[in-house]
Amino acid sequence: MRLTNNYYCPHAPNSLDWRDFGAVTDVKDQDKCDSCWALSTGAIEGINKIDNDALVSVSEKQPTSCDPYSNGCHKGSYVHDAFEYAIDNGGMPHRLISLIQLRMIPAITKRSVCNCSGLFNGSGCSEVAPYYINHVMLIVGYDSFGPGLDYWIVKNSWGKTWGEQGYIKIKRNIGHHLGVCNINCWGYYPAKKNVKLDSAT
């Protein structure tokens with residue numbers, strides 16, 4: 001089903017999954033480290049693959065440990081800090097392993113109890129304040145189960161045992177500008193210009 005905002009995206013395909021194009025790295029696990037903001041660098045991995053056909057996994061540990069504005073593994077930080085760190089340092093360290101919109105959304109549920117299969121429609125988020133976010137994930141695509149059942153394909157950073165192999169389908173086009181659990185708020189995505197990550201270690 002075509003995106004509702006077709007005025008802005010008149011040629012958007014009916015569905016898109018950047019995993020089908022090899023532009024998404026493996027699901028990672030932040031464990032007990034509040035580093036979801038640094039793992040948002042997965043968007044950098046994706047744009048690098050799309051731009052020059054090289055999928056490399058960048059080091060989320062670098063901004064977590066070295067960014068002066070970061071709180072490390074305690075209390076986290078912000079997505080724009082990770083992107084600004086990459087810009088200020090001329091890129092990100094990387095390692096080989098073996099998309100493009102990014103949205104920051106609130107934690108959907110406790111990682112230890114999440115089943116998260118099927119379509120997540122925002123249960124548990126009714127008391128979340130407007131525009132409030134406390135977790136970061138990557139949107140790697142979108143699709144639909146049918147009329148009124150459009151969804152985002154979202155990559156989390158809690159390992160492959162969470163959700164659907166580390167992913168979750170979150171309902172979109174719900175008729176509210178903030179989206180499910182404020183998923184439409186505070187979105188970031190990177191852009192590249194004449195910069196390449198060397199695929200060699």
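Criteria and cut-off values
- Residues numbered from 1 in each chain as written.
- Predicted model: local features only at pLDDT ≥ 70, side-chain atom pairs only at ≥ 80, totals over all residues.
- Heavy atoms only, no water.
- Helix = DSSP H or I, 4+ residues; strand = E, 2+ residues; numbered from the N terminus.
- Buried < 20%, exposed > 50% of the residue type's maximum accessible area, 1.4 Å probe, protein only.
- Core = buried A, V, L, I, M, F, W, Y, C linked by side-chain atoms within 4.5 Å.
- Pairing = 2+ DSSP bridges.
- Phe/Tyr/Trp six-rings, centres within 6.5 Å; stacked < 30°, edge-to-face > 60°.
- Contact = heavy atoms within 4.5 Å.

A. Geometry of the environment of tryptophan 18. Along the chain, tryptophan 18 turns up in the loop between strand E1 (16–17) and helix H1 (36–39). Overall, tryptophan 18 belongs to the buried group, its relative accessible area being 17%. Residues tryptophan 18 and glycine 46 lie 28 residues apart in sequence; the distance between their C-alpha atoms is 8.1 Å.

B. Representation of the nonpolar core. Membership of the largest hydrophobic core comes to 16 residues, with the highest contact counts inside it found for Val24, Phe83, Val140, Ile153 and Tyr167. Counting only elements with at least two residues in this core, the list comes to helix H2 (42–52), helix H4 (79–88), strand E6 (136–144) and strand E7 (150–155). Within the second largest apolar cluster, 15 residues are counted, among which are Met137, Tyr142, Trp152 and Cys181.

C. Molecular detail of the pairing of strand E8 (residues 167–171). Among the five residues in E8, four count as buried, and that is most of the element. Two elements, strand E5 (residues 119–120) and E8, share two bridges in a ladder whose sense is parallel. Looking at the pairing, leucine 119 lines up with lysine 169 of E8. Taken together, the five bridges between E7 and E8 define a ladder with antiparallel strand orientation. In the sheet register, tryptophan 152 faces E8, and the bridge partner there is isoleucine 170.

D. Highlighting the pairing of E7. Across the six residues of E7, six count as buried, placing the element largely inside the fold. Burial along E7 is two-sided: the face carrying Asp150, Trp152 and Val154 and the face carrying Tyr151, Ile153 and Lys155 are both buried. Pairing analysis gives six bridges linking E6 to E7, with the strands arranged antiparallel. Its bridge partner lying in E7, aspartate 143 is registered against tyrosine 151.

E. Here's a closer look at the packing of aromatic side chains. Taken as a whole, this structure holds four aromatic pairs when the rule is applied. A ring pair is formed by tyrosine 142 and tryptophan 152, whose centres lie 6.3 Å apart and whose planes are at 85 degrees; its orientation type is edge-to-face. With tyrosine 142 in strand E6 and tryptophan 152 in strand E7, this residue pair connects regions lying 10 residues apart in the sequence. One exposure class covers both tyrosine 142 and tryptophan 152, and it is buried. Judged by centre distance (4.7 Å) and plane angle (35 degrees), the rings of phenylalanine 145 and tyrosine 151 are tilted.

F. Highlighting the side chain of glutamate 45. By secondary structure assignment, the location of glutamate 45 is in helix H2. A relative accessible area of 2% means that glutamate 45 is categorised as buried. Residues contacting glutamate 45, with those up to four places away along its chain left out, are Thr25, Lys28, Leu55, Val56, Ser57 and Val58.

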